[in-house]
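# Per-entry structural report
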Amino acid sequence: MKILIKNANIVTPYEIKRSSSLVIEDGKIINICKGLCEDGSFDEIIDAEGNYLSPGFIDIHNHGNFGHDFMEATFEAFDIMADFHIKNGVTSFLATTITQKDSAIRRALISVGEYIESGSKDSKIKAQMLGIYLEGPYFAVEKKGAQPEEYIKTPDIGELKEFIDLSKNNIKIVALAPEIDGAKEAVRFLREKGITISAAHTVATYEEAKLGMDMGITLITHLYNGMRDFSHREPGIIGAALTDERVACELICDGIHLHVGAMELAVRMKGKDGIVLVSDAMMATGLEDGKYELGGQDVYVRDGAARLEDGTLAGSTLTLDRAVYNMVHLVGVSLEDAVRMASLNPARVIGVERTKGSIEIGKDADLIVFDRDINILMAIVKGKVRNCR
């Protein structure tokens, strides 16, 4: 199958190629041209009508959407969430767990592993589940956020080995607090397994955070949220994260979790390569305000903000297309840099940048077409086209 996409403003990691075209063959990008590519006959020609063509977004941190949560551990729920993702420009994602009782985490890991291995039975073109983001249960109680306190514990290597096996080796990220007992051993073990380690829900001091980075932590879960506050006398993990180029920082760019000034500071300190846009979405995403659930706890969504009864933020109702829009229009980031933060940067975090995350010849044709307001018009997953209008 050979497809030509013409009349597009192509967003690469380095520039926007105006009035250009792109050729897909057998699910891969094989050519990019200024003007019209003349590669012979095509099975399909798509006119982008002057809209933007970019890599599909990769949401590495999201708990659910459209009334479902990954802890449900059913293929039906996974399909519904993957279908919602594609409509919002996400062509790949990780299934994110939450701190829960052991049996619930194990059930989710088994189900996600089987889903990835066997593939969806639904023939509809949807976002690809690439793996698992294990958020918890290894956190500091003081910064638990919406993680249920009764299930928080210290890391155990034997348990981590079991989790990896149950997932069929599909765990891509493990989030933990680097200062708690057993964290150093866990970081060492996970690094040996090639799993990305993220610092999260932590009261780590600056020195404790830097030690964790020395040992192999390369990601910060939802920067500023769920961690020790910054102080000029104790910069804490925020100070360490902003000044250490070895770590990338997740941002929830919804205008609720973070002040615009805090986002601007992060972008200035980390640069275009050091920010990873995430949704941290929960099951209310895509639905109306009301009462929902996260980690077995009641969550109340009002004006799009998801909170526990005590007011604690409990995930978000953000979608990654809106996160990109907000980075451009609230923070003032260029479109190509905002797209990079939602595509190439997360691809690098989970080690799939050789095949995904940017428009380059030889990579998977995971693409989206959107207008100037980042409204998703079309999605392409490995060369298969879906109209999203």
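Before reading on, note that the structure itself is shown above.
Keep in mind that this is a model prediction, so the values were computed, not measured.

### With respect to the pairing of strand S20 (residues 376-381)
Within S20, six of the six residues are buried, which leaves it mostly tucked inside the rest of the structure. Of the pairings in the sheet, the one linking strand S19 (residues 367-370) to S20 comprises four bridges and is antiparallel in character. Across the sheet, leucine 367 pairs through a bridge with isoleucine 380, a residue of S20. The turn joining S19 and S20, which pair antiparallel and follow one another in sequence, is formed by five residues; a positive phi near 60° is taken by isoleucine 374. For S20 and strand S21 (residues 384-387), the ladder comprises four bridges, and the chain directions are antiparallel. Among the inter-strand pairings, alanine 379 is bridged to a residue of S21, identified as arginine 386. From the end of S20 to the start of S21, which pair antiparallel, there are two residues, and lysine 382 there has a positive phi angle of about 50°.

### Remarks on the layout of surface pockets
By volume, the largest pocket is sized at about 330 Å³. Lining the largest pocket are 15 residues, with Ser120, Lys124, Lys126, Ala127 and Gln128 positioned closest to its centre. Contributing elements (two or more residues each) for the lining of the largest pocket: helix H2 (102-118) and strand S10 (128-135).

### Here's the deal with empty space enclosed by the protein
Throughout the structure, instances matching the rule amount to three cavities of 30 Å³ or more. Approximately 60 Å³ is the volume attributed to the largest cavity. If you go around the largest cavity, you meet 13 residues; those closest to its centre are Asp59, Phe84, His85, Leu318 and Thr319. When contributions to the lining of the largest cavity are tallied by element, the ones reaching two or more residues are strand S7 (64-65) and helix H1 (75-87). Of the residues belonging to the lining of the largest cavity, the class tally is five nonpolar, seven polar and one charged.

### Focus: the state of the cysteines
Overall, the coordinates contain one disulfide when judged by the stated rule. Covalently, cysteine 33 is tied to cysteine 37 through a disulfide, its sulfur atoms 2.1 Å apart. The sign of the S-S torsion, about 115°, decides the handedness of the disulfide formed by cysteine 33 and cysteine 37: right-handed. Here the two residues cysteine 33 and cysteine 37 agree in accessibility, since each one is buried. Cysteine cysteine 249 is unpaired, with the sulfur of cysteine 253 as its nearest cysteine sulfur at 14 Å.

### Some words on the packing of aromatic side chains
Summed over all chains, the structure comprises eight aromatic pairs. The interplanar angle of 25° and the centroid separation of 5.6 Å between the aromatic rings of tyrosine 52 and phenylalanine 370 together place this pair among those described as stacked. Here tyrosine 52 is found in strand S5 (residues 52-55), whereas its partner phenylalanine 370 is found in strand S19, with 318 residues between them in sequence. Of the two residues examined, tyrosine 52 and phenylalanine 370, each falls in the buried class. Look at phenylalanine 75 and tyrosine 115: their rings are 5.2 Å apart centre to centre, the planes differ by 85°, and that puts the pair in the edge-to-face class. Here tyrosine 115 lies in helix H2 and phenylalanine 75 lies in helix H1, a separation of 40 residues in the sequence. A residue is classified by how much of its surface remains accessible, and tyrosine 115, at 6% relative accessible area, is buried. Three or more aromatic residues link up through ring pairs in this structure, and these residues are Phe70, Phe75, Phe78, Phe93 and Tyr115.

### Examining the packing of H1 against H2
Viewed as axis vectors pointing N to C, H1 and H2 meet at an angle of 65°, and their least axial separation amounts to 10 Å. Comparing their axes, H2 and H1 come out roughly perpendicular. H1 and H2 meet at a crossing whose hand is right-handed. Seen from H1, the contacting residues are Phe75, Phe78, Asp79 and Ala82; seen from H2, they are Ser111, Val112, Glu114, Tyr115 and Ser118.

Rules behind the numbers
- Position numbers for residues start from 1 in each chain and track the written sequence from start to end.
- Whole-chain, interface and lining totals are the exception, using all residues; otherwise, since this is a predicted model, local features are given only for residues with pLDDT of at least 70 and side-chain atom pairs are given and counted only at 80 or more.
- Note: side-chain values were computed over all heavy atoms of the structure, leaving out hydrogens and water.
- The classification of residues rests on relative accessible area computed with a 1.4 Å probe and restricted to protein chains. Under 20% of the type maximum is buried, over 50% is exposed, and intermediate values are partly exposed.
- Counting from the N terminus, the helices are DSSP H or I runs at least four residues long and the strands are E runs at least two residues long.
- Following DSSP output, two strands are said to pair if at least two bridges run between them.
- Method remark: on a 1 Å grid restricted to protein atoms, a set of points is classed as a cavity if a 1.4 Å probe fits but cannot get out and as a pocket if it is open with protein on both sides within 12 Å along at least five of seven lines; lining residues have an atom within 4 Å of a point.
- Grid points are joined across faces, edges and corners, and a volume is the space filled by probe spheres set on the points.
- Residue classes follow a fixed rule: Ala, Val, Leu, Ile, Met, Phe, Trp, Tyr, Cys and Pro count as nonpolar, while Asp, Glu, Lys and Arg count as charged, and any other residue, Gly among them, counts as polar.
- Only a pair of cysteine sulfur atoms within 2.5 Å counts as a disulfide in this structure description.
- Within 6.5 Å between ring centres, the rings of Phe, Tyr and Trp (the latter by its six-membered ring) count as paired, and their orientation is classed by plane angle as stacked under 30 degrees, edge-to-face over 60, tilted in between.
- Angles here are taken between N-to-C directions and fall from 0 to 180 degrees, while the axes themselves are lines fitted to C-alpha atoms, restricted in helices to the stretch in contact.
- Should an angle fall under 35 degrees it is called roughly parallel, over 145 degrees roughly antiparallel, and 65 to 115 degrees roughly perpendicular, with every other angle called oblique.
- We call a crossing left-handed when the near helix sits turned anticlockwise from the far one by less than a right angle, and right-handed when that turn is clockwise.
- Whether two residues are in contact is decided by their heavy atoms, any of which lying within 4.5 Å being enough.

Treat this as a map of the structure, not an account of what it does.
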